[in-house]
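# Analysis of the macromolecular model
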Amino acid sequence: MDEGHRKGDNIMKKKIVLVLTCAVMLTLTACGKTNNDSKADGNQADLKISMVTDTGGVNDQSFNQSCWEGLEEFGQKTGTKVNYVESTQEADYASNLDKMVDGNADLIWGVGFSIADALYQSASMNPDQLFGIIDHSYGEDTLDNIASIMFRAQESSFLVGYAAGLTTITNEVGFIGGISSDILDQFEYGFRAGVEYAARERGTDIKVSTQYVESFVDAARGKAIATKMYTAGCDVIFQAAGGAGKGVIEAAIEFDKYVIGVDRDQLEFAPNNVLTSALKIVGKAVQLVCESVKNGENVGGHNYVYGLAEDAIGIPENNPNMAPEVYEATMNVKQLIVDGKIDVPYNQETLEAFLAE
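Attention in this report is confined to the structure presented alongside it. Everything quoted here is computed from the prediction, not taken from an experiment. (Residues numbered from 1 in each chain as written. Predicted model: local features only at pLDDT ≥ 70, side-chain atom pairs only at ≥ 80, totals over all residues. Heavy atoms only, no water.)

Broken down by element type, the protein chain carries 11 helices and 12 strands. As presented, the protein chain carries roughly 17200 Å² of accessible surface, and 50% of it is formed by carbon and sulfur atoms. (Helix = DSSP H or I, 4+ residues; strand = E, 2+ residues; numbered from the N terminus. Areas by Shrake-Rupley, 256 points an atom, 1.4 Å probe, with all protein chains shown as cover.)

The following block contains the structure:
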């Protein structure tokens, strides 16, 4: 073979190698692009969402349970893989979050404000990991990899306060909170405003007694406070006290008075005494954010606030101890809030402005 033929063969071989190399690269690029595009288009069949409970556990009849039920339903509807780990004590928060980070979850939820510090620290150390927290906001310090969910709890509290104001016979009602905080202010002042709204409709005065347990677990103290209120003349008490609220419900049963539940429908605990419950539908709120993640939207750094308009709070549809006309009137008030015709107060200052109007 002469020199010209050898050069021609070498050139041809190089062209073949170059073509094959380009083909492989294009194939790999196409495969990579398909995976990335599927996430951008919201087709995340391999999406994984995890949850770390607070010390209440996954069956707490409150935030943890509602969150998990929402995640389970979301998983069933979308094929998303969901899992959780329970925290038996606050010291478990950091290690449980680390465990979920190691599990390569696309989104890790922390439930409740008690886990806020541990979640913030974990998010700081894992900037590429997306976190979410329920019922807490870091405000201006929110990191780009944390999404927070808050609720306009004052709106559902207004509804139950209004219902209490229409139901009371003694014209004395009570509010028992867990530990005083900005979040608990939403419950207290929303409730007080709702009671006052009903009182003015009825053309009467209704006294509202308020006391805090200074605990979310001391059921005995919750019961003692409720006993004192019922004895003093209250015939409806709204409890927003977590586990301590179970004591309030026990007192309602013993005195055969009304109690208003919180977070979840608590009718099952006192079928003859729960007037209604101020719901925080955590599972619905969590699903809204998870859907955004599934659709490839950037949720990090955002603080989502949900209320009646988003059906993330409210009262149960079934209220067997509530007069039908009271429920109908309460639903009318709900619509006024949704339509922006009632601006519900959430602290002392906004309550004073509300009363002045």
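A word on the sheet that holds strand β12 (residues 313-314). Pairing is mixed across the open sheet formed by six strands, whose spatial order is β7-β6-β8-β9-β10-β12. The sheet terminates laterally at β7 (207-212) and β12, the two strands that pair on one side only. Judged from the five bridges that link them, strand β6 (residues 172-177) and strand β8 (residues 236-240) form a sheet pairing that is parallel. Its bridge partner being in β8, valine 173 is matched across the sheet by valine 236. (Pairing = 2+ DSSP bridges.)

A few words on the packing of aromatic side chains. Counted under the stated rule, the structure contains 14 aromatic pairs. Aromatic side chains phenylalanine 63 and phenylalanine 151 sit 6.4 Å apart centroid to centroid with 50° between the ring planes, which places their arrangement in the tilted category. Of this pair, phenylalanine 63 sits in helix α2 (residues 63-78) while phenylalanine 151 sits in strand β5 (residues 146-151), and the two are 88 residues apart along the sequence. One exposure class covers both phenylalanine 63 and phenylalanine 151, and it is buried. When the ring of phenylalanine 187 is compared with that of phenylalanine 238, the centres are 6.3 Å apart and the planes differ by 50°; the resulting orientation is tilted. Linking phenylalanine 187 in helix α6 (residues 182-202) with phenylalanine 238 in strand β8, this pair joins segments that are 51 residues apart in sequence. Like phenylalanine 238, phenylalanine 187 is buried. Within the aromatic cluster, the residues linked to one another by ring pairs are Phe175, Phe187, Phe191, Tyr212 and Phe238. (Phe/Tyr/Trp six-rings, centres within 6.5 Å; stacked < 30°, edge-to-face > 60°. Buried < 20%, exposed > 50% of the residue type's maximum accessible area, 1.4 Å probe, protein only.)

Here the focus is the pattern of salt bridges. When charged atoms on two side chains of opposite charge get close, those side chains can pair. This model, assessed by the stated rule, comprises nine salt bridges. The shortest N-O distance in the salt bridge between glutamate 155 and arginine 152 comes to 2.9 Å. Overall, the relative accessible area of 22% leaves arginine 152 in the partly exposed class. Several salt bridges share partner residues, and in doing so they unite Arg152, Glu155 and Glu310 into one network. (Salt bridge = Lys/Arg side-chain N within 4 Å of Asp/Glu carboxyl O.)

As a further point, take the packing of helix α7 (residues 219-232) against helix α8 (residues 245-255). Relative orientation of the contacting elements α7 and α8 amounts to 40°, with a least axis distance of 7 Å. Relative to α8, the element α7 lies oblique. Here α7 runs over α8; the crossing is right-handed. Residue-level inspection shows Ala219, Gly222, Lys223, Ala226, Thr227, Tyr230 and Thr231 of α7 in contact with α8, the latter providing Gly247, Val248, Glu250, Ala251, Ala252, Glu254 and Phe255. (Axes fitted to C-alpha atoms, helices over the stretch in contact; angles between N-to-C directions. Parallel < 35°, antiparallel > 145°, perpendicular 65-115°, else oblique. Left-handed = near helix turned anticlockwise from the far one by under 90°. Contact = heavy atoms within 4.5 Å.)

Here the largest pocket is characterised by a volume of approximately 830 Å³. Forming the walls of the largest pocket are 33 residues, and the residues nearest its centre are Asp54, Ser62, Phe216, Gly242 and Gly243. At the level of secondary structure, the elements contributing two or more residues to the lining of the largest pocket comprise α2, α6, β8, α8 and β9 (258-263). Class assignment of the residues belonging to the lining of the largest pocket gives a composition of 13 nonpolar, 13 polar and seven charged. (1 Å grid on protein atoms, 1.4 Å probe; cavity = no way out; pocket = protein on both sides within 12 Å on 5 of 7 lines; lining within 4 Å. Points joined across faces, edges and corners; volume = space filled by probe spheres on them. Nonpolar A, V, L, I, M, F, W, Y, C, P; charged D, E, K, R; others polar.)

Once that is clear, we can look at α8. Taken together, the buried positions of α8 are Gly245, Gly247, Val248, Ile249, Ala251 and Ala252. Packing partners of the buried residues in α8 comprise β6, α7, β8 and β9. Aspartate 256 occupies a position one or two residues after α8 and carries a positive phi of about 55°.

Glancing now at the packing of helix α3 (residues 92-102) against helix α4 (residues 116-125). In the contact formed by α3 and α4, the axes pass within 9 Å of each other and the chain directions differ by 40°. When the interaxial angle is binned, α3 and α4 end up oblique. Handedness of the crossing formed by α3 with α4: right-handed. From α3, Tyr93, Ala94, Leu97, Asp98 and Val101 reach across to α4, where they touch Ala118, Leu119 and Ser122.

The six strands lie next to each other as β2-β1-β3-β4-β5-β11, forming an open sheet whose pairing is parallel. Two strands in the sheet have a free side with no partner beyond their single neighbour: β2 (81-85) and β11 (303-306). The sheet shows a mean angle of 20° between the axes of neighbouring strands, taken without regard to direction.

The next subject is the pairing of strand β4 (residues 131-134). Both faces of β4 are covered, namely the face carrying Phe131 and Ile133 and the face carrying Gly132 and Ile134. The pairing of strand β3 (residues 107-111) with β4 spans four bridges and is parallel. Bridge pairing in β4 links glycine 110 to isoleucine 133. Following the backbone out of β3, through α4 and into the adjacent parallel β4, one traces a crossover that is right-handed. Examined bridge by bridge, β4 and β5 share four bridges and lie parallel to one another. (Right-handed = clockwise from strand over helix to strand, strands pointing away.)

The next thing to look at is the pairing of β5. Each regular strand carries side chains that alternate between the two faces of the sheet. Within β5, six of the six residues are buried, leaving the element largely enclosed by the surrounding structure. Relative to β11, β5 runs parallel, the two being bridged by four bridges. Paired with isoleucine 149 across the two strands is tyrosine 304, which belongs to β11.

Shape is all these values report; function is a separate question.
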